[in-house]
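Examination of the molecular architecture
Residues per chain are reported as follows:
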Amino acid sequence: MLFISRLTATTLLVLSLFSLVLSFSPGFPYGSQPVRGVNLGGWLVLEPWITPSLFDNTGNPQIIDEWTFGQFQNRNTATAALQAHWNTWITEADFIAIAAAGLNHVRLPIGYWAFDVGPGEPYIQGQLPFLSKAVGWAQAHGLKLIVDLHGAPGSQNGFDNSGQKMSFPHWHSNQTNIDRTNAIIKTIANMFKDSTSVVPVIAPLNEPAGFDGDDVISVTKQYWFDSYGNIRFPFGSAQESNTLVLIHDAFQPLSFWSGFMSPPNWQGVAIDTHIYQMFSDAENARSNADHIASACSQRGALPDSGLWVIVGEWTPAATDCAKYLNGRGVGSRFDGSFPGSTRVGSCTGLTGKASTFSSSYKTFLRQYWEAQTSTYEGGGQGWIQWTWKTEVADEWAYQAGLANGWIPSDPTTRQFPNVCG
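Residues numbered from 1 in each chain as written. Predicted model: local features only at pLDDT ≥ 70, side-chain atom pairs only at ≥ 80, totals over all residues. Heavy atoms only, no water.

We now examine the overall build of the protein chain. Check the secondary structure of the protein chain and you find 12 helices and eight strands. Counting only C-alpha atoms and orienting by the principal axes, one finds that the protein chain spans roughly 80 × 55 × 45 Å. Out of the 421 residues in the protein chain, the part that is buried amounts to 55%. The contacts of the protein chain with a sequence gap of at least 6 include a subset with a gap of at least 24, amounting to 75%. Within the structure as shown, the protein chain displays about 16300 Å² of accessible surface, and the carbon and sulfur contribution to it stands at 54%. Treating the 23 positive side-chain charges of the protein chain as one cloud and the 33 negative ones as another, the clouds have centres 4 Å apart. (Helix = DSSP H or I, 4+ residues; strand = E, 2+ residues; numbered from the N terminus. Buried < 20%, exposed > 50% of the residue type's maximum accessible area, 1.4 Å probe, protein only. Contact = heavy atoms within 4.5 Å. Areas by Shrake-Rupley, 256 points an atom, 1.4 Å probe, with all protein chains shown as cover. Lys, Arg positive; Asp, Glu negative; His and termini not counted. Charge placed at Lys NZ, Arg CZ, Asp CG, Glu CD.)

Before going further, it helps to spend a moment on the side chain of His274. Counting through the fold element by element, His274 comes out in strand β6 (residues 269–274). Take His274: its relative accessible area is 13%, and that puts it in the buried class. Here Asp272 takes part through its side chain, which lies 2.8 Å from a polar atom of the side chain of His274. Look past the residues within four positions of His274 in its chain and what remains in contact with it is Arg107, Asn206, Glu207, His248, Asp249, Gly312 and Glu313. (Polar contact = N/O pair within 3.5 Å; in protein donor to acceptor, adjacent residues only side chain to side chain.)

Right, let's talk about the packing of aromatic side chains for a bit. Applying the stated criterion across every chain yields a total of 36 aromatic pairs. When the centroid spacing of 5.7 Å and the interplanar angle of 70° are considered together, the rings of Trp314 and Tyr376 count as edge-to-face. Of this pair, Trp314 sits in the loop between β7 (308–313) and α11 (359–379) while Tyr376 sits in helix α11, and the two are 62 residues apart along the sequence. Neither Trp314 nor Tyr376 differs from the other in exposure class; each is buried. For the pair Trp369 and Trp383, a centre-to-centre distance of 5.7 Å together with 80° between the ring planes defines the contact as edge-to-face. In this pair, Trp369 is assigned in helix α11 and Trp383 in strand β8 (residues 382–385), connecting sequence segments 14 residues apart. When its relative accessible area of 0% is taken as the criterion, Trp369 is described as buried. A network of ring pairs unites the aromatic residues Phe225, Tyr228, Phe233, Phe256, Trp257, Phe260 and Trp266 as a single cluster. If you follow Arg333 out to its NZ or CZ, it ends over the ring of Phe338, 4.2 Å from the centre. (Phe/Tyr/Trp six-rings, centres within 6.5 Å; stacked < 30°, edge-to-face > 60°. Lys NZ or Arg CZ within 6 Å of the ring centre and 35° of its normal.)

Let us now look at the confidence of the model for the protein chain. Summary statistics for the protein chain give a mean pLDDT of 95 and a share of 95% for residues scoring 70 or more. Within the model, the stretch residues 1–22 combines pLDDT values under 50 with four contacts to residues more than four positions away or in other chains. (pLDDT = per-residue confidence, 0-100.)

Considering all chains together, one arrives at 12 salt bridges under this definition. For the salt bridge of Asp272 with Arg107, the shortest nitrogen-to-oxygen distance reads 3.7 Å. On the criterion of sequence distance, the pair formed by Asp272 in strand β6 and Arg107 in strand β2 (residues 105–111) is long-range, its members being 165 residues apart. Exposure class is identical for Asp272 and Arg107. Each is buried. Linked by salt bridges that have partners in common, Arg107, Asp148, Asp272 and Glu313 make up one network. (Salt bridge = Lys/Arg side-chain N within 4 Å of Asp/Glu carboxyl O.)

In this structure the tally under the stated criterion is two disulfides. Cys296 shares a disulfide with Cys420; S-S distance 2.0 Å. Between Cys296 and Cys420 the sulfur-sulfur dihedral comes to about -80°; the bridge is accordingly left-handed. One end of the pair, Cys296, is in helix α10 (residues 288–297); the other, Cys420, is in the segment after α12 (398–404), and 124 residues separate them in sequence. (Disulfide = S-S within 2.5 Å.)

Turning our eyes to something else, we now look at the environment of Asp249. As for its placement among the helices and strands, Asp249 is situated in the loop between β5 (244–248) and β6. It is 9.3 Å that separates the C-alpha atoms of Asp249 and Asn206, two residues lying 43 residues apart in sequence. Once residues within four sequence positions are removed from consideration, Asp249 is found in contact with Leu254, Trp257, Ile271, Asp272, Thr273 and His274. A polar contact is formed between the side chain of Asp249 and the backbone nitrogen of Phe251, at a distance of 2.9 Å.

Okay, here's the thing in C-alpha cells:
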C-alpha cells in the first residue's frame, strides 16, 4: 500500500512537471526549429554608424546619439528628420525581402522613450505607430517579431545605441529608472499578450553593462525576475502568457547563468548572447583564419547556461572599420585612429560599399558567415544577424550580403560545409 502511494505520488509529480512544460506554448517551436533572423537596427533607435547621414546633416558634432539629436537642434527640424527616417528606413518591402531570404525572425530594437519621456528628457516620440506597422508586416509575411527594449532610462550601458552615450551608465543605480523600465515592460507585455503567434518574444533589456561590476549584475538579475512576472503574467491573474522572455547575458559567460531561471520552476525563458570580434585591439589583429576559428570554437560554450540560447547579435564584419562604429567622430582600432589603439592596417576595401570589396574579401565574408550560422545553430537555438541594412557599411548588412553573394538566398545553403572542420 505504501509502495502504491509512493508510486502514485511520483506519477503525480511527473505529470505536474509535464503539465508545467505543456503550459508554455510559444508562437515558434524554439528548441526544435532554428531561429534564423535579422535585426532592424538603426530604425526606431538611431545609431550614428548605421545612418551617418542623419547625424552629419545636422552639421553639429555635439549630436552623437538620439538624446543629443533632440537636444542640440531645432525641435521641428529634428522631428521632421525622424519622421522621414521612420517612414523610409524600413518598409513593408523589407519584410517581404527578409521573408524571401528564408528568414523566420526579425528583432526590433525600440527605446524606452517611445513609451515614456520624463521631464528634461529631449527625446522625440512617434515610434509606436511604426512598431504597430512592423507587427502587421511580420504577420502578413510569416515572420516572428521580437520586441527588444534597447534603451532604458539612465542608460543601461552608456552606449550610443542605448539612446544616450555616457562614460558610466545610471540605469541600475536609480530605482526610479528601474521602476520606469518595469512599467514599460508591463505595457509591452500587455500590448502583445494575445499576439504570440506574431510577437512570440519580448527581450526586456538589451546589453546591461555587467562588465561594470556586481552592482549592475545584482540589479539585472532582479530585473530579469521582475520581467518574468511582467511578461509571463500580463493578465492580472494566475493566467500565464505564451510569450518567451529573452534575457541578455549581461556580457557574462553563459556558464555564469547556469541554473538561473531554469525549468521546471521557470518556463519560457531563453538567453541572448552577442558575439562580436572587433571591439578590442587583439580581436582586430586576428587573421581571417583566426576569426573563423574563434567563431567555430563558440559551439561548445553555447549550451552552458542550460537555457535555450539565441545569438541575438553577430556580424560577418571582422573589423571596427565602419564609419562611426565606435561613436560619431571616433576612429577605428584597425587603422589606429581610435585613441590608444595599435594600427593593424588600412580600412580601405574592408568597409563601405560592396562595389569596393575584392572577390577574396567577399569569399572571406561568406566563409565567416557560414562558420557563424552553422555554429550558432549547432550549439544553440539559432541566430539573428546585426543588421538588415546600413547606409555605408555593407560588410554588416544582410541586405547587401544577399545582393553581393556573401549571404545565400537560402540560409541553409553552404559553399563551405567544412569551414569548421
